[in-house]
Amino acid sequence: MNKQIHSGREAMELLAPAGSFEAFKAGVENGADAIYMGGKSFGARASAANFDEEELRRAVQYAHERKVKVYVTVNILIADQEFPELFDYLFFLYNTGVDAVLLQDVGAADVIQHILPEIERHASTQMTVNTSWGTQHIEKLGMKRVVLARETSAEEMKRIAQKTPLDIEVFVHGALCVCYSGQCLMSSFIGGRSGNRGRCAQPCRMTYQLINEKRADTLQDANLGEHLLSPRDMNLVDEITLLKESGVYSLKVEGRMKRPEYVATVIRVYRQALDYVLAEDSSRSSLKPIGEGERRELLQIFNRDFTQAYLKEHPGAELMSYMRPNNRGIRLGRVLKAQNNRLEIKLEASLHPGDGLDFWTSRGHEGVTVGTIWRAQEEVTEGLPGEHVWIEFVGDKVRPGDRVFKTYDELLMNKARLSFQEGKEQRKRPLRARLSGSVGEPLTLEIGDGERLSKAQSGIPAQQALKRPLAQEYAFRQLNRLGTTPFYLEELELDLKGEVMLPVSELNEMRRQAVEALLPEKTPQKQLVRGVYDQRIRDWKKQFAKEREQIMEGNRPPAAAERLTVAVSDLESVRAALQGGARRIAMGGERWRSRKGMTLAEIQEGLRLCQKYKAQALWRWPRVLNEEQSDKLQNDLQKIKDWGTRPQILLNNLGEFELLQEVDPEWGFETDFSLNVFNQAALAYWLRQGAQTVTLSPELEHQQLEKFRNWRRTEILVFGDLEMMVSEYCPVGATLGGKKGKHCSAPCVQEPHYLRDRLKYDFPIETDLDCRMHLFNAKRLNLYKELDDIAKMGIGSIRLQLNRATPEQIRDTVRVFLGGWEKVLQGERITEQDAEHAAAYLEARFPEGFTKGHYFRGIL
């Protein structure tokens, strides 16, 4: 159903980011309806200043006084040892009065539903929800809102909104992730800083070369720039009507790492645009739509150039900022002359002392803060578009003809700062007051804000005025002295009998009492008793322990081959794996354009082959599906239902689970690593949903894996390709194939491509049939030497991720790992000689080299 129908609200919410208290005030004072922020723990922007407990209390009080909501981010994967701290933190947040928490971790979401169902929960974009099936699962987790993936189109938003009672929240402005949020492991694998833990180092903003099989730079002469994974910033300020029609409720601005002035400017402009869209036709004449001035302010405050991302169509190269990964500001003009430590510039925009400039030279970038400005020989305080001005400059990089960009506008920054300056707050609500009474009686002051009414009486009776009776103007002036409160006096009715006089101190005290009664209580009325909360936690732990015990008592396949999964992507690879001795095959997944892939008929043939070898068959589904692709998959499932034997399904996202349940709730399934199972609570959750086996997150290190000891129905990756990124953007198609919308000349099928980083590591690119890019680590995972420790942990099965390997590589790798796995499961150890022999054997087949992944180093 449509948001405007099911919620009873016609308004839309403007949601501002805050990484500091100043940024929080900037959002509130410039018109945000809600603010999202992080505490010192559990937030996806760990590098922001964030809020300690006292600052959070202060922020909630300040916001609620102004009818603004506060959402707190708890949107990272939670480690097992962190749950006690998480419990305390959630208790604090609820009793502080925060309006909602944002979550990523399905285990944490499930636990909160049991121990603190009172707190409102929102599904973070880190949960990778982009379909109506995904929102169904979010509903079952007890959440009220979902932040859709940035890749969701307006058409898909509309379809999703029509099918869910959830509030739909989307990003409308700010930085974009090139990868689907929640699915990016690039920072994690390259530098150990995980985006799923709020520590992303943003390797997508670094430089790369697109190289081919011969290791030649395919873009050497293209003059595109080398920031091949760095997107522009999103800007949907002109698409609010479309978003409204698509059922979107909350407009979210990215920027918890941005300065307060950025928040102030962006929120002010979006507030103006949103108010105009929401206004009735009759009242719209009193409002002003945004114009070129406001659009220019959005550019000036921060931009990497702007894009509408995937809102209407696939943007191809127009998504990206290839030339530079940081703020480009606005174009100021060109250098005409450079002499005597001065530069002459022909202006295309205004210039003032204090502005920051960036010169784009043939030898790199050069920055300067403007001091004195001259027009000819005259010192001026402003340069205007079309004028030639001189500024001071010391350096030798800049030449005539170089472009100049203004990256810092002193006047705009001052304007922004003024909006949230301490003591000059402007966000106030109108009050209507009535002062009544007569001589000899206490006066009564009634004040209302449109929702509530408060009363206060004078402490002494009113007296007969001898000279100056209490008049309208004087009373209004005194009662309107509301200081830093969130109110101003709009109207005062004076109903006094006789010539009344009351000391000003009494008027002030009446005003203070009446206004204070209108403010929200510092301690929210809805408080949870700690003893009740602790009992809920104990009850949950008791049930959790019972579930774990039941699972540990379950039977485990005795044979090593039944506890070794081989993931492959085509029928020939299925044969190779079976011939190598594998008896558990995960086939399918994405269909790469570089190889044949598997049709439905080939899945059926793969299933037949597995039956012939008495092997278990799993059909592995893609990591990402949109609405249209989900419909097609559902149709395929209906066909498979008629097969005599059908494979178990290896699921990769929340929507796929709901899609499978809709077709047949009894259909067996397992979950793959992209569901980010990082703790035992998440594992228990999926087992409770019916999963036969759960693949654990590849970001877990060995000590964390120990926590899963003897859960039995677990699987971990021990060898193969580590997929770092899945993206709707394809650098091969965008730069070489003219990709835009549905058009692309498909250069990806002609030869393999890689992204080469500044350290000369080559990261393989695969493009699937839906034109998504899949980026892999330069080195393959290899934990052969660690099989002994893994067996002792009681891990249920191990995975060889060979969906990019050749049949020969698959056959030989299966034989090596099956031999080692059989050995350790029988209680024998892998000797140094065994490890050296296996290493040499595998290195000969995979010359790119190996990594231990996160097994020893873990993540931040």
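Residues numbered from 1 in each chain as written. Predicted model: local features only at pLDDT ≥ 70, side-chain atom pairs only at ≥ 80, totals over all residues. Heavy atoms only, no water.

What follows is about the overall build of the protein chain. In terms of helices and strands, the protein chain carries 25 helices and 39 strands. Computed over the C-alpha atoms, the radius of gyration of the protein chain is 31 Å, within 12% of the 29 Å expected from 2.2 N^0.38 for a compact globule of 860 residues. Projected onto the principal axes, the alpha-carbon positions of the protein chain cover approximately 110 × 75 × 50 Å. Taking all 860 residues of the protein chain together, 59% fall into the buried category. (Helix = DSSP H or I, 4+ residues; strand = E, 2+ residues; numbered from the N terminus. Rg over C-alpha atoms; globule rule 2.2 N^0.38 Å. Buried < 20%, exposed > 50% of the residue type's maximum accessible area, 1.4 Å probe, protein only.)

Turning to the pattern of salt bridges, a few remarks are in order. Enumeration over the complete set of coordinates arrives at 78 salt bridges. In this structure, Glu-169 and Arg-145 form a salt bridge, with 2.7 Å as the shortest nitrogen-oxygen distance. In this pair, Glu-169 is assigned in strand E7 (residues 167-174) and Arg-145 in strand E6 (residues 145-147), connecting sequence segments 24 residues apart. Across the pair, Arg-145 and Glu-169 agree in class, each one buried. (Salt bridge = Lys/Arg side-chain N within 4 Å of Asp/Glu carboxyl O.)

A separate point is the environment of Asp-672. Secondary-structure assignment places Asp-672 in the loop between strand E30 (669-671) and helix H20 (680-689). Take Asp-672: its relative accessible area is 0%, and that puts it in the buried class. Here the alpha-carbon distance between Asp-672 and Ile-649, two residues 23 residues apart in the chain, equals 9.8 Å.

Within this structure, the stated rule accounts for 24 aromatic pairs. Geometrically, the ring pair formed by Phe-719 and Phe-846 is edge-to-face, given 5.3 Å between the ring centres and 65° between the ring planes. Of this pair, Phe-719 sits in strand E32 (residues 714-720) while Phe-846 sits in the loop between helix H25 (832-845) and strand E39 (850-851), and the two are 127 residues apart along the sequence. Each member of the pair Phe-719 and Phe-846 is classed as buried. One aromatic cluster in this structure is built from Phe-83, Phe-87, Trp-540, Phe-544 and Trp-711. Sitting above the plane of the Phe-21 ring, Arg-58 keeps its charged end 3.8 Å from the centroid. Over the ring of Trp-667 we find Arg-646, and its NZ or CZ is 4.1 Å from the ring centre. (Phe/Tyr/Trp six-rings, centres within 6.5 Å; stacked < 30°, edge-to-face > 60°. Lys NZ or Arg CZ within 6 Å of the ring centre and 35° of its normal.)

Residues Phe-24, Val-566 and Trp-686 are the most contacted members of the largest nonpolar core, which totals 226 residues. The greatest single-element share of this core, amounting to 10 residues, is contributed by helix H10 (residues 260-278). Beyond its immediate stretch of four places on either side in the chain, Val-566 contacts Ala-577, Ala-582, Arg-584, Ile-585, Ala-586, Leu-800, Leu-802, Ile-810 and Val-814. (Core = buried A, V, L, I, M, F, W, Y, C linked by side-chain atoms within 4.5 Å. Contact = heavy atoms within 4.5 Å.)

The next thing to look at is the side chain of Glu-29. In this structure, Glu-29 sits in helix H2 (residues 21-29). On the accessibility criterion, Glu-29 (9% relative accessible area) is buried. Here the side chain of Glu-29 touches Tyr-62 through a polar contact of 2.5 Å, side chain to side chain. Setting aside its immediate chain neighbours within four residues, Glu-29 contacts Tyr-62, Arg-66, Ser-419, Phe-420, Glu-425, Gln-426 and Arg-427. (Polar contact = N/O pair within 3.5 Å; in protein donor to acceptor, adjacent residues only side chain to side chain.)

A few words now on the state of the cysteines. Disulfides are covalent bonds that connect the sulfur atoms of two cysteines. For the structure on display, the rule yields 0 disulfides. Its sulfur unpaired, Cys-184 is 4.4 Å from the next cysteine sulfur, which belongs to Cys-179. Using a relative accessible area of 24% as the deciding quantity, one classes Cys-184 as partly exposed. Summary of cysteine pairing: Cys-730 is not part of a disulfide, and the nearest cysteine sulfur, belonging to Cys-748, is at 5.9 Å. Owing to a relative accessible area of 6%, Cys-730 belongs among the buried residues under this scheme. (Disulfide = S-S within 2.5 Å.)

For Ser-194, the position within the fold is in the loop between helix H8 (186-191) and strand E8 (209-212). Residue Ser-194 is classed as buried on the basis of its relative accessible area, which comes to 0%. In this structure the side chain of Ser-194 is engaged in a polar contact, spanning 3.0 Å, whose partner is the backbone nitrogen of Asn-196. A polar contact of 2.6 Å, which involves the side chain of Ser-194, links it to the side chain of Glu-699. If sequence neighbours within four positions are ignored, Ser-194 has contacts with Ser-188, Arg-199, Cys-200, Glu-699, Ile-859 and Leu-860.

Our focus in this paragraph is the environment of Leu-660. Among the structural elements, Leu-660 can be located in helix H19 (residues 654-663). For Leu-660, a relative accessible area of 0% translates into the label buried. Separated by 302 residues in the primary sequence, Leu-660 and Asp-358 place their C-alpha atoms 54 Å from one another. Excluding residues that lie within four positions of it along the chain, Leu-660 makes contacts with Trp-621, Leu-637, Ile-649, Leu-651, Pro-665, Trp-667 and Phe-669.

Strand order in this open sheet of 5 strands is E8-E34-E35-E36-E33, and the pairing throughout is antiparallel. On the outer flanks of this sheet lie E8 and strand E33 (723-727), each paired with one strand and no other. Along the sheet, successive strands turn relative to each other by an average axial angle of 30°, direction set aside. With 4 bridges connecting them, strand E34 (residues 753-756) and strand E35 (residues 762-767) associate as antiparallel partners. Note that in E35 the partner of Tyr-754 across the bridge is Pro-764. (Pairing = 2+ DSSP bridges. Axes fitted to C-alpha atoms, helices over the stretch in contact; angles between N-to-C directions.)

Another aspect to go through is the sheet that holds strand E21 (residues 444-448). Taken in spatial order, the 4 strands of this open sheet run E22-E21-E20-E24, and their pairing is mixed. The open sheet terminates on both sides in strands that have one partner only, identified here as strand E22 (453-457) and strand E24 (487-497). Taking each pair of neighbouring strands and ignoring which way they run, the sheet shows an average axis angle of 20°. As paired elements, strand E20 (residues 429-438) and E24 share 10 bridges and run parallel to each other. For Leu-431, the partnering residue across the bridge sits in E24 and is Leu-489.

With that settled, the discussion passes to unusual backbone geometry. Phi angles above zero are rare outside glycine, and Asp-305 is one such case at about 75°. With respect to the element layout, Asp-305 can be found in the loop between helix H11 (292-301) and strand E11 (306-307). Unlike most non-glycine residues, Ala-746 shows phi in positive territory, near 60°.

Two residues of an α-helix separated by three or four positions point the same way, owing to the 3.6 residues in each turn. Compared with an ideal rise of 1.5 Å per residue, which puts 15 residues at 21 Å, helix H14 (residues 504-518) spans 22 Å between its outermost C-alpha atoms and is within 8% of the ideal. The set of residues buried in H14 consists of Glu-506, Leu-507, Met-510, Arg-511, Ala-514, Val-515 and Leu-518. The buried side chains of H14 occupy one side of the element, clustering within an arc of 155° when seen end-on. Buried residues along H14 sit in contact with E20, E21, E22, helix H13 (472-479) and E24. (Expected span 1.5 Å × (residues − 1). Arc of directions from axis to C-beta.)

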